[in-house]
Amino acid sequence: MFRTLPSLSIIFAAALVVSCGGGGGGGNTGPDPAPDNRPSVSAMATDYYTGSPVSDAVVSVRWGGSSDEFFSAETNSTGKATLRYPEGTNALTIYSDAEGYAEFGRTFNFDTETIAVSLIPVHTNVTIDSGSENEILVDGESIISLPANAFVDADGNAFSGNIDAELTVIDPREDPELMPGQYEALDGTTGEISNIESFGAINATFEDADGNPLQLASGQTATVRIPLSGDSSDAPESIPLFYYDDESGYWVEEGSATLTEISGEFFYVGTVSHFTTWNADRVYETIFLTGCAVNEDSSVAAGVRITATGIDYTGTSSVYTDAFGSFTIPVRMNSDLRIQASGNGLLSGSQEFSSSEEDETLSDCLTLSAVDISIELSWSEEPEDLDTHLEGPDDASDSGQFHLYFSDDDLIVGDESIFIDVDDTDGFGPEITYLSGFPYDGTYSYYVYLYSGEGSIQGSPARVELNIADNTSVFAPPSGEPSECWHVFDINVSGGEPALTTVGEWVTLDDCYGSAEEEEEGDGDVA
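The notes below deal with the structure included here. (Residues numbered from 1 in each chain as written. Predicted model: local features only at pLDDT ≥ 70, side-chain atom pairs only at ≥ 80, totals over all residues. Heavy atoms only, no water.)

1. As for the overall build of the protein
Heads up, the rule is: Helix and strand definitions here come from DSSP, where helices need a minimum of 4 consecutive H or I residues and strands a minimum of 2 consecutive E residues; each element is numbered from the N-terminal end. Classification of residues uses two cut-offs on accessible area relative to the type maximum, computed with a 1.4 Å probe and protein chains only: under 20% is buried, over 50% is exposed, and between them is partly exposed. Contact definition: two residues touch when any of their heavy atoms are within 4.5 Å. Using a 1.4 Å probe, accessible areas were evaluated by the Shrake-Rupley method; residue-level cover was limited to the displayed protein chains.
Counting its secondary structure elements, the protein contains 1 helix and 42 strands. Taking all 527 residues of the protein together, the buried fraction comes to 52%. Contacts in the protein between residues at least 24 apart in sequence constitute 66% of all its contacts with a sequence separation of at least 6. For the protein, the exposed surface amounts to about 22300 Å²; the carbon and sulfur share of it is 43%.

2. Some words on the sheet that holds strand β5 (residues 70–74)
As a reminder of what qualifies: A pair of strands is treated as paired once DSSP finds two or more bridges between them. All axes are obtained by fitting lines to C-alpha atoms, using only the stretch in contact for helices, and the reported angles, taken between N-to-C directions, cover 0 to 180 degrees.
Pairing is antiparallel across the open sheet formed by 4 strands, whose spatial order is β5-β4-β7-β8. Since the sheet does not close on itself, it has two edges, and those belong to β5 and β8 (104–108), each with one partner. Strand-to-strand twist across the sheet, computed as the mean angle between neighbouring axes with direction ignored, equals 20°. Pairing analysis gives 5 bridges linking strand β7 (residues 92–97) to β8, with the strands arranged antiparallel. Within β8, the position partnered with Y95 by the bridge is G105.

3. Focus on the nonpolar core
Stated formally: Grouping buried Ala, Val, Leu, Ile, Met, Phe, Trp, Tyr and Cys residues that are joined through side-chain atoms within 4.5 Å yields what is termed a nonpolar core.
If you look at the biggest cluster of nonpolar residues, it comprises 36 residues, and the most contacted ones within it are I144, L146, F151, I202, F206, Y268 and F275. For I144, the contacting residues outside a window of four places in its chain are N134, E135, I136, L167, I202, A204, A222, T223, V224, R225 and F275. Counting residues in hydrophobic clusters, the runner-up holds 30 residues, among them I375, L377, L404 and I491.

4. Topic: the pairing of strand β9 (residues 115–119)
Of the two faces of β9, only one is covered, namely that formed by I115, V117 and L119; the face formed by A116 and S118 stays uncovered. With 5 bridges connecting them, strand β3 (residues 40–47) and β9 associate as parallel partners. Across the sheet, T46 pairs through a bridge with S118, a residue of β9.

5. Some words on the pairing of strand β4 (residues 58–62)
Among the 5 residues in β4, 4 count as buried, and that is most of the element. The sheet contact formed by β4 and β5 spans 5 bridges and is antiparallel. Bridged to V58 within β5 is E74. Looking at chain direction, β4 and β7 are connected through 5 bridges and run antiparallel. From the neighbouring strand, V61 faces β7, where its bridge partner is I94.

6. Concerning the state of the cysteines
Quick note on the threshold: Note on terminology: pairs of cysteine sulfur atoms within 2.5 Å are recorded as disulfides.
All chains considered together, the criterion is met by 2 disulfides. A sulfur-sulfur distance of 1.7 Å marks the disulfide that ties C292 to C365. In this structure the cystine formed by C292 and C365 twists about its S-S bond by roughly -85°; its chirality is therefore left-handed. Of this pair, C292 sits in strand β23 (residues 286–295) while C365 sits in the loop between β30 (360–361) and β31 (366–370), and the two are 73 residues apart along the sequence. The disulfide that involves C485 links it to C512, with 2.0 Å between the sulfurs. In this structure the cystine formed by C485 and C512 twists about its S-S bond by roughly 100°; its chirality is therefore right-handed. One end of the pair, C485, is in strand β41 (residues 485–494); the other, C512, is in helix α1 (residues 509–513), with 27 residues separating them in the sequence. With respect to class, C485 is no different from C512; both count as buried.

7. Looking at the pattern of salt bridges
Definition in use: The salt bridge criterion pairs a side-chain nitrogen of Lys or Arg with a carboxyl oxygen of Asp or Glu, the two atoms within 4 Å.
One pass over the full model with this rule turns up 10 salt bridges. Here E197 ties to R282 by a salt bridge, and the two come within 2.9 Å at their closest N and O atoms. With a gap of 85 residues between them, E197 in strand β16 (residues 193–207) and R282 in strand β22 (residues 277–283) connect regions that are remote in the sequence. By relative accessible area, E197 is classed as buried at 3%. In this structure, E465 engages R463 in a salt bridge whose closest nitrogen and oxygen atoms are separated by 3.0 Å. R463 shares its class with E465; the two are buried.

In structure tokens form, the structure reads like this:
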């Protein structure tokens, strides 16, 4: 429900690099923070579902917590923009907006060499008459109700005429990274930062015919209906509303919403006095999880990012290890979650953990190792279970094949480690495959198999993201009559050098399982 279907099969997204200037597109629309030798960072704006570059997106960086301290540029035809900032800046708040896409926001801590601006296509783009009451619909349901004569321009003058409205529904269960910010709320009075979990969000923007922003006038309100993300039996009857503040990079509480059933679907219904990204959230009770991170040689992994992602709640939290590789991270009390370490081109496997009502310490350190290739499979609520299948040569003669899937999900082939980090069986994913490298020359084939659940791979739709070194590729299901098996791509390795070939074909179950023996559904399969 409420998901835009992608149309392209694959696009390469070039690497994003921190540099000392040069390159990129667009011009500075903010204050000039430093001389010409000021540091800069390059960002690439892409469509989340297809990976295609998004041109003419305005990308801004802010620092220092002030609305006057920012730098903006537009992306060029390849989706790239170069952004500059003052020397000595420790963190940047990233904001982006593009026609036909929801607004994007994130905090960049220089823990990677890239800023990936991944934009979600809008669900509704309509022109409305400012002088009339209006309902903005998605999939036939009213998401926003607007009063007549409710908008003003940036100078506070009453607006009359046609308004271009864009509306996007965000279901963070698909990917927690779809949500702006870091699931952290800021109390403007006390300065306290709290962790929040989401039950759904919407983003709405309004402009005049020339693209100038419009907002609700002082004293005006609109009704919003945020589609519930999750099971209604687990959702609170009343919940606070939070809006995303793109200047601070935090969520701010304002108002509340009530869980309401409309035409058999559940929505959080409330009123708002301005438009941005609105999120139905609640602050959760936390405990602190303490642990350590080490490299494969048991040396301390200092300055790496630790991320905790909820399994039975929609939220994330992150911290960085200290000089001794130690960390303490807040997580939701009495909950199931996954915790992982990443940084310096290294990654640990995910550890599943069940928190209690007391602070706890992990029994084992997270161990980081080199990961040159990752393949991430994600999808929507249905089908319930999609599976990864990866096949490739298991010796130098290319006479045999390994087959990675749910029943054989952790392999050592040659000197390389190949494993599925998480096998998701109840919708959304992600199911992530990691390779420390390609062990032998030959062809590596990747498939997605529909193991169980309603709907199809195409209708969900599934999304596959391939990362090889500095190259990212995103794949969407092909057109045509879908089968239970999607042959996504082949990687042909010769002399150690990989070459990607998009296949994008509907094939048979036998193709998905390849050299592996097909297992009967339900026969010990926990796919």
